[in-house]
Amino acid sequence: MKVIFLIAGKGSRLNSLTKTKHKALIKINKEPIIRRLVNQFHSFKVKSRDITFITGYKSQQIENEFGKKYNYFYYGNYFKTNNLHTLINASKVLKIQDTVICFSDILTTSKAIGKIIDQKISKITILSDLSKVRNGTMKIITKKKDLKSIGKLPRKKSSGNYIGIMKVPQKKMQIFKKFLVSSNHKNKNHYFTEILNDLIKAKENIKVIDIAPNFWAEIDNIIDLKKTIKNEEKLNV
């Protein structure tokens, strides 16, 4: 299994905290966010050589944190686009293998991550929280265990939130890459998850795994950071 971390963005909404340090290196309970994520995947026997960081802002800090045993792809236009075009430009790192694509500013329990590691997953699958709908993070609409839409959706119509972890199984990687590369014309501000909406329109079945009641957080701003620090004990469940 391969794991790809999208770690190119500046994290500008964290203001002074990210002027000299990459957002993913902010510490929760004395451990950088990205280090915790990487260690969690290692606990499921994912090897260093199977992890790739798609870097941009403060790329050298990420390389210094993890060293030469890991893989890196540098995206130079990180300050001009969102992560759809980041992943398009790094599409060569997507091999025809089971692959997890993960945001680098999220925290959750190892139990939640374990749900996406399952080798029996045969469809493109996302981890989500269906227990409630949060504002300020990506929303989803589901029908039973199928994804119907993802993005900046009306809260009242939404079923829950995408937590930033997705698996593309080996037999679905070819179609995923095809839709990814063909999205080069899309708006520079799009998230890569826009591909999922296109796949759904093409009758591709996208599955949703609910992580509730496991705790999760996405660190976009100071409020998110303070809430996560306050609830950090829930990450160890």
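Up top is the structure these notes are about.
A.B. asks: Pulling in residues and values, what's your account of the overall build of the protein?
C.D. replies: Helix and strand counts for the protein stand at seven helices and 13 strands. Taken over the C-alpha trace, the protein has a radius of gyration of 17 Å; the compact-globule value for 237 residues is 18 Å, and the two agree within 12%. For the protein, the spread of C-alpha atoms along the three principal axes comes to 45 × 35 × 35 Å. The buried share among the 237 residues of the protein stands at 54%. Residue pairs at least 24 apart in sequence account for 72% of intrachain contacts in the protein once pairs closer than 6 positions are excluded. Accessible surface computed for the protein: about 11,800 Å², of which carbon and sulfur atoms make up 48%. Across the protein, 48 positive and 18 negative side-chain charges occur, with their mean positions spaced 2 Å apart.

A.B. asks: Residues and numbers for the nonpolar core, please.
C.D. replies: The biggest cluster of nonpolar side chains holds 60 residues, and the ones touching the most others in it are Phe 5, Ile 34, Phe 53, Met 166, Phe 176 and Phe 192. In this view, Phe 5 contacts Ile 34, Leu 37, Val 38, Phe 41, Ile 51, Thr 52, Phe 53, Ile 54, Cys 102 and Phe 103; residues no more than four positions away in its chain are not counted. Counting residues in each nonpolar core, the second largest holds 10 residues, with Ile 28, Phe 215, Ala 217 and Leu 225 among its members.

A.B. asks: How would you sum up the side chain of Thr 125? Please name residues and give values.
C.D. replies: Along the polypeptide, Thr 125 turns up in strand β8 (residues 125-129). A relative accessible area of 3% places Thr 125 in the buried class. A distance of 2.7 Å separates a polar atom in the side chain of Thr 125 from the backbone oxygen of Lys 123. Each residue touching Thr 125, except ones within four places of it in the same chain, is listed here: Ile 116, Ile 165, Met 166, Lys 167, Lys 207 and Ile 209.

A.B. asks: Tell me about unusual backbone geometry, residues and numbers included.
C.D. replies: A negative phi angle is the norm for most residues apart from glycine, just as the trans form is the norm for most peptide bonds. The peptide bond linking Ala 212 to Pro 213 adopts the cis configuration, its omega dihedral lying at 10°. Within the secondary structure, Pro 213 sits in the loop between β12 (207-210) and β13 (216-218). Although it is not a glycine, Asn 29 adopts a positive phi angle of roughly 55°. Following the sequence through the fold, Asn 29 ends up in the loop between β2 (27-28) and β3 (31-32).

A.B. asks: Can you lay out the side chain of Gln 40 for me, pointing to particular residues and giving the numbers?
C.D. replies: For Gln 40, the position within the fold is in helix α1 (residues 33-42). Note on Gln 40: relative accessible area 5%, which makes it buried. In this structure the side chain of Gln 40 is engaged in a polar contact, spanning 3.3 Å, whose partner is the side chain of Ser 110. Contact partners of Gln 40, with chain neighbours within four places excluded, come to Thr 108, Thr 109, Ser 110 and Ile 113.

Rules used throughout
Residues numbered from 1 in each chain as written. Predicted model: local features only at pLDDT ≥ 70, side-chain atom pairs only at ≥ 80, totals over all residues. Heavy atoms only, no water. Helix = DSSP H or I, 4+ residues; strand = E, 2+ residues; numbered from the N terminus. Rg over C-alpha atoms; globule rule 2.2 N^0.38 Å. Buried < 20%, exposed > 50% of the residue type's maximum accessible area, 1.4 Å probe, protein only. Contact = heavy atoms within 4.5 Å. Areas by Shrake-Rupley, 256 points an atom, 1.4 Å probe, with all protein chains shown as cover. Lys, Arg positive; Asp, Glu negative; His and termini not counted. Charge placed at Lys NZ, Arg CZ, Asp CG, Glu CD. Core = buried A, V, L, I, M, F, W, Y, C linked by side-chain atoms within 4.5 Å. Polar contact = N/O pair within 3.5 Å; in protein donor to acceptor, adjacent residues only side chain to side chain.

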